[in-house]
Amino acid sequence: MIQYSLICENRHAFDAWFKNAAAYDEQVVRGIVACPICSSQQVEKALMAPAVQRTGSEKIALSIGHPQQAQLRAAMKALKDKVTAEADYVGDRFASEARRMHDQEIEQRGIYGEATRDEVAGLVEDGVDFMPLPNLPEEHN
Ligand SMILES: [Zn+2]
């Protein structure tokens, strides 16, 4: 099984599981994959779908019961721990720093921080290659 972060033509982001990459291609072609929010079948893979757009009423993709849930969550935690241990925290300046790096105004380095929905959408539009950090349930206060 592989998980893809998908986005529909209306920019709704959601995650879906597929047996393999070929199964994803086949199901999209056959129109089986539909957006859970607006039912659009015009969907494509999105790299940072969970952070693309999140309004108050927008649904957040969640998962439970996968046989490897514990390992997958541990892997996500390891990813987050690695990034936060090796990158510089820039807080609210993430979007501006990421854009300056993308525009080669400053040297490339690992950074992490926070951005608003609008900032994230702007970075996506500008083709800045970043990734979301997982928000893990046990970290919610
Ligand atoms: Zn949609």
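Preceding block: the structure.
As the structure is a computational prediction, the values presented were derived from the model and not from experiment. (Residues numbered from 1 in each chain as written. Predicted model: local features only at pLDDT ≥ 70, side-chain atom pairs only at ≥ 80, totals over all residues. Heavy atoms only, no water.)

## Here we look at the nonpolar core
Thought 1: By size, the foremost hydrophobic cluster in this structure holds 11 residues: Val 90, Phe 94, Ala 95, Ala 98, Met 101, Ile 106, Ile 111, Val 120, Leu 123, Val 128 and Phe 130.
Thought 2: Taken together, the elements giving at least two residues each to this core come down to α4 (94-102) and α5 (117-125).
Thought 3: By residue number, the principal contributor to this core is α4, which donates four residues.
Thought 4: In contact with Ala 95, other than residues within four places in its own chain, are Glu 119 and Leu 123.
Thought 5: Formed by 10 residues, the second largest nonpolar core is a distinct cluster that contains Leu 6, Ala 16, Cys 35 and Val 43. (Core = buried A, V, L, I, M, F, W, Y, C linked by side-chain atoms within 4.5 Å. Buried < 20%, exposed > 50% of the residue type's maximum accessible area, 1.4 Å probe, protein only. Helix = DSSP H or I, 4+ residues; strand = E, 2+ residues; numbered from the N terminus. Contact = heavy atoms within 4.5 Å.)

## Here's the deal with the sheet that holds strand β3 (residues 43-45)
Thought 1: The three strands are arranged β2-β1-β3 in an open sheet whose pairing can be described as antiparallel. One side of each edge strand has no neighbouring strand; the edge strands of this open sheet are β2 (13-18) and β3. Averaged over all neighbouring strand pairs, the angle between strand axes comes to 40°, with direction disregarded.
Thought 2: Here three bridges tie strand β1 (residues 2-8) to β3, and the two strands are oriented antiparallel to one another. Across the sheet, the residue bridging to Leu 6 is Lys 45, located in β3. (Pairing = 2+ DSSP bridges. Axes fitted to C-alpha atoms, helices over the stretch in contact; angles between N-to-C directions.)

## Notes on the coordination of the zinc ion
Thought 1: Note on the zinc ion: its protein donors are Cys 8 (SG), His 12 (ND1), Cys 35 (SG) and Cys 38 (SG). The metal-donor distances range over 2.0 to 2.3 Å.
Thought 2: Viewed at the metal, the four donor atoms of the zinc ion are separated by angles of 103 to 113°, and the geometry they form is tetrahedral.
Thought 3: Read in sequence order, the donor residues coordinating the zinc ion give the pattern C-x3-H-x22-C-x2-C. Here Cys 35 lies in the loop between α1 (21-29) and β3 and Cys 8 lies in strand β1, a separation of 27 residues in the sequence. Residues Cys 8 and Cys 35 agree in their burial class; the two are buried. (Donors = N, O, S within 2.8 Å, 3.2 Å for Na, K, Ca; no water. Tetrahedral: all angles 85-135°; square planar, octahedral: opposite > 155°, others 65-115°.)

## Regarding the packing of α4 against α5
Two packed helices can be described by the angle between their axes and the distance between those axes.
Thought 1: Put simply, α4 and α5 touch, their axes get as near as 10 Å, and they point 10° apart. Relative to α5, the element α4 is oriented roughly parallel. Here α4 contributes Phe 94, Ala 95, Ala 98 and Arg 99 to the contact with α5, which in turn contributes Glu 119, Gly 122 and Leu 123.
Thought 2: In terms of residue class, the contact of α4 with α5 is made up of four nonpolar, one polar and two charged. (Parallel < 35°, antiparallel > 145°, perpendicular 65-115°, else oblique. Nonpolar A, V, L, I, M, F, W, Y, C, P; charged D, E, K, R; others polar.)

## Observations concerning the packing of aromatic side chains
Thought 1: Tallied over the entire structure, the rule returns five aromatic pairs.
Thought 2: Relative to Phe 18, the ring of Tyr 4 lies with its centre 5.9 Å away and its plane at 45°, an arrangement referred to as tilted. In this pair, Tyr 4 sits in strand β1 while Phe 18 sits in strand β2, placing the two residues 14 residues apart along the sequence.
Thought 3: On the accessibility criterion, Tyr 4 (14% relative accessible area) is buried.
Thought 4: By relative accessible area, which is 3% here, Phe 18 ends up buried.
Thought 5: Ring centres 6.3 Å apart and planes at 75° place the aromatic pair Phe 94 and Phe 130 in the edge-to-face group. Of the two residues, Phe 94 sits in helix α4 while Phe 130 sits in the segment after α5, which places them 36 residues apart along the sequence. (Phe/Tyr/Trp six-rings, centres within 6.5 Å; stacked < 30°, edge-to-face > 60°.)

## With respect to the pattern of salt bridges
Thought 1: Using the criterion set out here, one finds nine salt bridges in the structure.
Thought 2: Close ionic contact of Arg 109 with Glu 97 constitutes a salt bridge, the shortest N to O distance being 3.5 Å. On the criterion of sequence distance, the pair formed by Arg 109 in the loop between α4 and β5 (111-113) and Glu 97 in helix α4 is long-range, its members being 12 residues apart.
Thought 3: Looking at Arg 109, the relative accessible area reads 36%, which means it is partly exposed.
Thought 4: Shared partners join several salt bridges into a network, and the residues in it are Asp 88, Arg 93, Glu 97, Arg 100, Glu 105 and Arg 109. (Salt bridge = Lys/Arg side-chain N within 4 Å of Asp/Glu carboxyl O.)

Honestly, that's just the spatial picture; any functional story needs more than this.
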